[in-house]
Amino acid sequence: MLDVSRSDLVAGVAGSGTMGRGIVQVLAQCGARTLVYDAQPGAAEKAKAAIAQSLGKLAEKGRVSASEVQAALGRIEVVGALEGLAACHVVVEAIVEDLEEKRKLFAALERVVPEGTILASNTSSLSVTAMAAACRRPERVAGYHFFNPVPVLKIVEVVDGVRTEPWATEALTALARRFGHTPVRCKDTPGFVVNHAGRAFVPESLRVLQEGIADFAAIDRILVDAAGFRLGPFALMDLVGLDVAHAVMKSMYHQYYEEPKYRPSFLAEARVAAGLLGRKTGRGWYAYGSDGAAEPVPEPKAPAVAPPQSVWCVPELKDLVAKLKANVVNTAADAAVCLIAPLGRDATATAIDLELDPARTVAVDPLFGFAKRRTLMTTPVTRPQVRDAAHALLASDGVPVSPINDSPGFVAQRVVAHIVNVGCDIAQMRIAAPEDLDRAVTLGLGYPRGPLAMGDAVGARRILAVLKAMHKLYREPRYRPSPWLVRRARLGASLLTPE
């Protein structure tokens, strides 16, 4: 195994674009002599100048000293030919995301570097195994997937190809710790861990929009305020670029042989064709001003009507209704408004099963509390005056309310359940250890919790109930529960429980 703690470690980076520059910077800052090669004349020199500027800004903010900046820059050496990487103990490629080009590069590198040099790819979506197949020694080829910006997002996926030997990924894991990143070990599968786990938040939100349950801004508000995400799915698509986000969705869907859980939405296809790509085009789901800030989408105000004269509610809502000082009656027949709190089911089915009048029934999502936002859901026949009275009551203490149309699992229930279910599939397939999976998602995607911890926080049995109800209504394999989830829910065990 390569001793990456050695003081004379020499690392190489092939490719000096945005990702390559970031990789060069962290390697140089951790004390490694770092050689940079780019086939485009002058590109590596420009990269070093950009790194100098980046480190200079860190020095201005007091995060590094001037001497540390000079030391790091002194370790960066531009080489004019691939042969200049001959002294490297490890080489990371960060060239164009094209399998054949990467295979050619690795084959050429093998003719240059020593037998013990590790060859690592920063690919985000291509098969590490397929790259290694072009090499005489595929056992030393591994994936090393960084996230942009590399110096800020301190996570790297360390990917084992089918023929990668443990010593190679163990060395890359240790090297990641040396430059201050969290390494996540995973198998060579489409999307690795982070991009794979991300195939739930956006696609299921698009499905909610596609079904006319709520508009995009309402979906964002619910998932940020109620479910605790830092950024809503539509704001996220605008940030990444809808062309990029949709291409990843399609690629993952096809790489997993049309797995229904990852099916993209036709809504995104049309918007990409229209050029509504997000921040970079000035308009996506949101419109953006000259300063780059999103123009706010006004939220409808609570109706200016009196709260209902009488309310009947299920036990899950009694504390909330009491806090709002509603006139609670004991029988639904005497109530102007009936409030229900379905788990995974829609308002229609719940009202019928409870033998309530669907025209006087309104559902409230109980799963994520009521402190920051409340979601109000109607049946197709709920009377407008009933809906408005319920809305006025739920908003009477100043907490915002999002009215939506009938849906199994409201908005937050179904999106979170989908995230947890996909995460459980990743664990079931042994792509990554449960704790590594959650760590990767929180660092790489910025979720409030990893998918397995998210399921534990809500309750595995409740997540399972949401999925079962959705699967029963839609009759689609998209919502079939993962065996990992089913077993742990039945056992009352944490979803982080390994096997």
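Rules and cut-offs
- Residues numbered from 1 in each chain as written.
- Predicted model: local features only at pLDDT ≥ 70, side-chain atom pairs only at ≥ 80, totals over all residues.
- Heavy atoms only, no water.
- Helix = DSSP H or I, 4+ residues; strand = E, 2+ residues; numbered from the N terminus.
- Buried < 20%, exposed > 50% of the residue type's maximum accessible area, 1.4 Å probe, protein only.
- Contact = heavy atoms within 4.5 Å.
- Polar contact = N/O pair within 3.5 Å; in protein donor to acceptor, adjacent residues only side chain to side chain.
- 1 Å grid on protein atoms, 1.4 Å probe; cavity = no way out; pocket = protein on both sides within 12 Å on 5 of 7 lines; lining within 4 Å.
- Points joined across faces, edges and corners; volume = space filled by probe spheres on them.
- Nonpolar A, V, L, I, M, F, W, Y, C, P; charged D, E, K, R; others polar.
- Phe/Tyr/Trp six-rings, centres within 6.5 Å; stacked < 30°, edge-to-face > 60°.
- Lys NZ or Arg CZ within 6 Å of the ring centre and 35° of its normal.

One can find Gln 413 in helix H16 (residues 412–428). A relative accessible area of 1% places Gln 413 in the buried class. Dropping the residues within four chain positions of it, Gln 413 is found in contact with Pro 342, Leu 343, Gly 344, Asp 365, Pro 366, Leu 367, Phe 368 and Val 466.

Turning next to the environment of Asp 98. Examined against the element boundaries, Asp 98 turns out to sit in the loop between strand E4 (90–93) and helix H4 (99–110). With relative accessibility at 32%, the residue Asp 98 sits in the partly exposed group. A sequence separation of 382 residues divides Asp 98 from Arg 480, and the C-alpha atoms of the two residues are 34 Å apart. Within polar-contact distance, the side chain of Asp 98 engages the backbone nitrogen of Glu 100 at 3.1 Å. Here the side chain of Asp 98 touches Glu 101 through a polar contact of 2.9 Å, landing on its backbone nitrogen.

Quantified by volume, the largest pocket comes out at close to 1,400 Å³. What lines the largest pocket is a set of 46 residues, among which Phe 147, Asn 148, Asn 195, Val 240 and Val 244 lie closest to the centre. At seven residues, helix H11 (residues 242–255) tops the list of elements feeding residues into the lining of the largest pocket. The residue makeup of the lining of the largest pocket, split by class, is 24 nonpolar, 17 polar and five charged. Forming the walls of the second largest pocket are 21 residues, and the residues nearest its centre are Gln 25, Ser 54, Pro 149, Pro 151 and Val 152.

What follows deals with the packing of aromatic side chains. Evaluated as defined, the whole model comprises twelve aromatic pairs. Seen in terms of ring centroids, Phe 229 and Tyr 447 are 5.3 Å apart; in terms of plane orientation they differ by 90 degrees. Their pairing is edge-to-face. In this pair, Phe 229 sits in the loop between helix H9 (216–226) and helix H10 (233–240) while Tyr 447 sits in the loop between helix H17 (434–445) and helix H18 (451–458), placing the two residues 218 residues apart along the sequence. The same class applies to Phe 229 and to Tyr 447, which are both buried. When the ring centre of Trp 285 is taken as origin, the NZ or CZ atom of Arg 271, which lies over that ring, is 4.0 Å away. The ring centre of Trp 484 lies 3.5 Å from the NZ or CZ of Arg 488, which sits over that ring.

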